[in-house]
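Coordinates in review
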Amino acid sequence: MKDKNIYDIIVVGGGPAGIFTSIYGSQSGNKVLLLEKMEKLGKKLLIAGQGQCNLTHTGTKDEFIDKYGDNGSFLKKAFYKFPPQALINFFAERNLPLVSTEKGKYFPNTFKSLDVLSVLKKELEKLDVQIETKMEVLEVNFNDIFQVKTKDNEFYSRNLVIATGGLSYNITGSSGDGYKFANKMGLKLKNTKPSLTPCYVKDYPYSNLQGVSFKSILLELWRDNKKIKSATGDLLFTHKNISGPAIIDNSRYFEKGDKLIINYSGIPYEMFSENIRKIINNNGNKMIKNIFDNPNFSERFIKFALKYCSIDENKKCNLLNKSEIKNLINYLTKFEFEISKLEGYERAMATSGGIDLSELNKNTMETKKIKGLYFVGEVTDIDGDTGGYNIQAAFSMGALAGISIRR
Ligand SMILES: Cc1cc2nc3c(=O)[nH]c(=O)nc-3n(C[C@H](O)[C@H](O)[C@H](O)COP(=O)(O)OP(=O)(O)OC[C@H]3O[C@@H](n4cnc5c(N)ncnc54)[C@H](O)[C@@H]3O)c2cc1C
């Protein structure tokens, strides 16, 4: 074994998680090697937020924890050690201030992911991290020390950090290699599936309403006659599926055959029903199509809904019968879809599932079974909502692992 090839830390994967592990792990003079299989670092980071890079979000720690499905509490220590404000400071101190949009998303003030990557690369260089691109790790072994094999090289280290990402958008390099390594090391994995995707439904009726959107609809997810989840958020009809944050952020829970019940009004059923009946009674001479003042009910949508309920849009309110009113209220507040499929990994923005969190020490990201072995970022069973939560989690987990190794 050649001495020069023994590192304090080898990091596999040059996305945000691996880059931050390298930065924080090397700060006390550790010898760090970062191995990336693509020709350059951070290919997924470059396409994040449509090339603008939505790095993080406004919100308290508790609000953040809520954005990672059932697994958010695993990130408490990572967010304590490296909270969103630390990320904002990190870039500001390196002349790339972040700015927040009215929806609370933080972007670099240039709105260019390339600038984010360039700050990160400069920092890696400053800290003398050895970066090897086009260096795909094929095998990892542990025998007192870690051995990392690529096609033509072998490297050795005292600590090994796997930051290979998930399975989505594998053109950026993330093709699930971390799961293979974990498997070989005897670690449990949670089944993976595409997350952050739009949702296809059976007999989709809204192709012609492409672009119609709704604010803060109420959504319920049902499986085998049991309610699994209630959520609220914005919804969008596309020409072939339903999308928008309400769908995308909850897609990690969806399975084929599940029922989605949508309340397009955003107002609880009883309240909506009572209100609309009053409006109908008080406006007997108005045409039904003209009585809606809810901003979610665009003219296009209401015309479609009335047609679907076989109600003439020009019918006067005082001529509507009880069952017509009931059908319309149900249509607007209890519309049922059956999920037929989600997008595949090639279109999903994240992967849910991965390294089972029970295998990791949440205070350090080290595996409980093998000392010196760490997993960070999307390769773990952590996936967040849209809005900067995934990149923040990757950075925070990377920083936590790096700091922990330094100690
Ligand atoms: C289109 C799109 C837009 C997105 N936009 C946003 C956004 O705006 N905000 C947000 O928060 N999140 C966004 N995300 C999600 C976010 O980019 C990821 O969650 C984040 O990049 C995960 O970071 P990571 O470091 O864990 O993994 P990755 O960024 O996937 O990095 C993993 C790296 O490991 C390398 N690698 C894999 N296997 C090997 C191997 N065997 N040897 C060597 N190297 C290897 C890969 O080449 C890759 O560079 C988006 C995702 C997509 C697909």
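Structure: see above.
These numbers were taken from a predicted model, which means no experiment stands behind them. The residue count restarts for each chain, going from 1 along the sequence in the order it is written. In keeping with the predicted nature of the model, local features appear solely for residues at pLDDT of at least 70, side-chain atom pairs appear and are counted solely at 80 or more, and the whole-chain, interface and lining totals rest on all residues. Side-chain numbers come from the whole structure's heavy atoms, not from hydrogens or water.

With respect to the sheet that holds strand β4 (residues 98–100)
To keep it simple, the criterion reads: Two strands pair if DSSP finds at least two bridges between them. Counting from the N terminus, the helices are the DSSP runs of H or I reaching at least four residues and the strands are the DSSP runs of E reaching at least two.
Judged by pairing direction, the sheet is antiparallel, and its three strands sit side by side in the order β3-β5-β4 without closing on themselves. Across the chains shown, the open sheet's two edge strands, defined by having one partner strand only, are β3 (56–57) and β4. When β3 meets strand β5 (residues 105–108), the two strands line up antiparallel, connected through two bridges. Bridge pairing in β5 places Thr56 opposite Tyr106.

Describing the environment of Asn208
Tracing the sequence through the fold places Asn208 in the loop between β11 (199–201) and β12 (213–223). When the C-alpha positions of Asn208 and Tyr169 are compared, they lie 29 Å apart, and in sequence the two are 39 residues distant.

Brief notes about the nonpolar core
Cut-off, in case you're wondering: To define a nonpolar core, start from buried Ala, Val, Leu, Ile, Met, Phe, Trp, Tyr and Cys residues and group those joined through side-chain atoms within 4.5 Å. Relative accessibility thresholds used throughout: buried, under 20% of the residue-type maximum; exposed, over 50%; partly exposed, between the two (1.4 Å probe, protein chains only). What makes two residues a contact is simply this: any of their non-hydrogen atoms within 4.5 Å.
Formed by 81 residues in total, the largest nonpolar core has its most connected members in Phe20, Phe91 and Leu120. Tallying contributions element by element places helix α12 (residues 389–406) first for this core, with eleven residues. Apart from the residues lying within four places of it in its own chain, the contact partners of Leu120 are Ile19, Phe20, Ile23, Leu45, Phe90, Phe91 and Phe395. Cys199, Ala231, Phe254 and Ile311 belong to the second largest nonpolar core, which has 45 residues in total.

As for the packing of aromatic side chains
Here is the rule we go by: Centres within 6.5 Å make a pair out of two Phe, Tyr or Trp rings, where for Trp the six-membered ring is used; the pair is then stacked when the planes are under 30 degrees apart, edge-to-face when over 60, and tilted otherwise. In this scheme, the term charge over a ring applies when either NZ of a lysine or CZ of an arginine sits within 6 Å of the ring centre and within 35 degrees of the ring normal.
For the structure on display, the rule yields 37 aromatic pairs. Between Tyr7 and Phe155, the aromatic rings sit 6.4 Å apart at their centres with planes inclined by 65 degrees, giving edge-to-face as the arrangement. Of the two residues, Tyr7 is situated in strand β1 (residues 6–12) and Phe155 in strand β9 (residues 154–162); the sequence distance between them amounts to 148 residues. Phe155 matches Tyr7 in its accessibility class, with the two residues each being buried. Lying over the aromatic face of Phe90, Arg94 brings its terminal NZ or CZ to 3.9 Å of the ring centre. The ring of Tyr269 is capped by Lys334, whose NZ or CZ atom sits 4.0 Å from the centre of that ring.

A short note on the pairing of strand β2 (residues 32–35)
Stated formally: Call a crossover right-handed when, viewed with both strands pointing away from you, the route from the first strand across the helix to the second goes clockwise.
Burial along β2 is two-sided: the face carrying Val32 and Leu34 and the face carrying Leu33 and Leu35 are both buried. Sheet topology note: the β1/β2 ladder contains four bridges and is parallel. Residue pairing in the sheet places Ile9 in a bridge with Val32 of β2. Each parallel crossover has a hand, and the one from β1 via helix α1 (residues 16–26) to β2 is right-handed.

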